[in-house]
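Remarks on the overall topology
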Amino acid sequence: MDLFNYTISIWNEAGIKLQSGASEELILEFEKKLNFKFPKDFRSFYLKVNGFVDFEWNKNMFSLWSLERIYEEYKFDQNLDYIAFCDYLINSHSMGYMKSRNGIFMNTTNEKVCETFEEFIDLLNANSDKLY
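Just so it is clear, the structure is predicted and the values come from calculations on it, not from any experiment.

**Observations regarding the sheet that holds strand β5 (residues 93-98)**
- Pairing is antiparallel in the open sheet, where five strands are placed in the order β3-β4-β5-β6-β7. Of all strands in the sheet, those with a lone pairing partner are β3 (62-64) and β7 (112-114), marking the two edges. Looking at each pair of strands side by side, their axes are set apart by 40° on average, direction ignored.
- Judged from the four bridges that link them, β5 and strand β6 (residues 101-106) form a sheet pairing that is antiparallel. The residue bridging Met95 from the neighbouring strand is Met106, located in β6.

Shown next as C-alpha cells:
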C-alpha cells in the first residue's frame, strides 16, 4: 500500500473526518487564486482527500486543511509568499509552501521542515520532532 493510502487508512481508523477528494478542476481553481502551482505529490494526495473536515485534528493535534481553508487562511496572512496547508494546536504554528522557495516550511521560523509533501506526510505519521 502506498504512503497516501496507508495514511488515509490510519486516519479513517482513528475516526478523523476527512473531506472527499478534490477534483482536478477545483485544484486548478485554487492554484489560480493563490498564484501558485501545487507540487505533484500534494495534488495526488488532494485528489484522494481534500483535507480534514472543518477543524478536525489527528491524535497529535495537527489539522490538514481543505483547499477552501488554505485559501481563506492565505487571504488573511500578512506573508503572501507563504501558503499554509496544516496547523498544529489550533494554529500555534503552521506548515506550508513558500512561493519563492522549494520545500515545506514552518511559519514561525521560516525554516525548511522537509523537501516534499510526501516527506511531510511521513513526518506527520511518525510524529517527528521536526514538526514542532
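Read on for the rest.
**Describing the packing of aromatic side chains**
- Scanning the entire structure with this criterion turns up 23 aromatic pairs.
- On the numbers, 5.4 Å between centres and 35° between planes, the contact of Phe36 with Tyr97 is tilted. You can see Phe36 sitting in the loop between α2 (24-34) and α3 (40-48) and its partner Tyr97 sitting in strand β5, a full 61 residues away along the chain. Residues Phe36 and Tyr97 agree in their burial class; the two are buried.
- Aromatic pair Phe62 and Tyr132: ring centres 5.4 Å apart, planes at 65°, arrangement edge-to-face. Of the two residues, Phe62 sits in strand β3 while Tyr132 sits in the segment after α5 (117-126), which places them 70 residues apart along the sequence.
- Among the aromatic residues, those joined into a ring-pair cluster are Phe4, Trp11, Phe36, Phe38, Phe42, Phe45, Tyr46, Phe52, Phe85, Tyr97, Phe117 and Phe120.
- The aromatic ring of Tyr71 is capped on one face by Lys33, whose charged end is 5.0 Å from the ring centroid.

**Details of helix α1 (residues 3-13)**
- Of all the residues in α1, the buried ones are Phe4, Thr7, Ile8 and Trp11. With its buried residues spanning 100° around the axis, α1 presents them on a single face.
- Of the surrounding secondary structure, the elements contacted by the buried residues of α1 are β1 (18-20), α3, β2 (49-52), β3 and α5.
- The N-cap residue of α1 is Asp2: its side-chain oxygen and the backbone nitrogen of Phe4 are 2.9 Å apart.

**A few points about the state of the cysteines**
- Here the structure, examined in full by the defined rule, presents zero disulfides.
- The cysteine Cys86 is free of any disulfide, with Cys114 supplying the nearest cysteine sulfur at 11 Å.
- For Cys86, a relative accessible area of 1% puts it in the buried group.
- You can call Cys114 buried: its relative accessible area is 3%.

Quick notes on the rules
- Residues numbered from 1 in each chain as written.
- Predicted model: local features only at pLDDT ≥ 70, side-chain atom pairs only at ≥ 80, totals over all residues.
- Heavy atoms only, no water.
- Pairing = 2+ DSSP bridges.
- Helix = DSSP H or I, 4+ residues; strand = E, 2+ residues; numbered from the N terminus.
- Axes fitted to C-alpha atoms, helices over the stretch in contact; angles between N-to-C directions.
- Phe/Tyr/Trp six-rings, centres within 6.5 Å; stacked < 30°, edge-to-face > 60°.
- Buried < 20%, exposed > 50% of the residue type's maximum accessible area, 1.4 Å probe, protein only.
- Lys NZ or Arg CZ within 6 Å of the ring centre and 35° of its normal.
- Arc of directions from axis to C-beta.
- Contact = heavy atoms within 4.5 Å.
- Polar contact = N/O pair within 3.5 Å; in protein donor to acceptor, adjacent residues only side chain to side chain.
- Disulfide = S-S within 2.5 Å.

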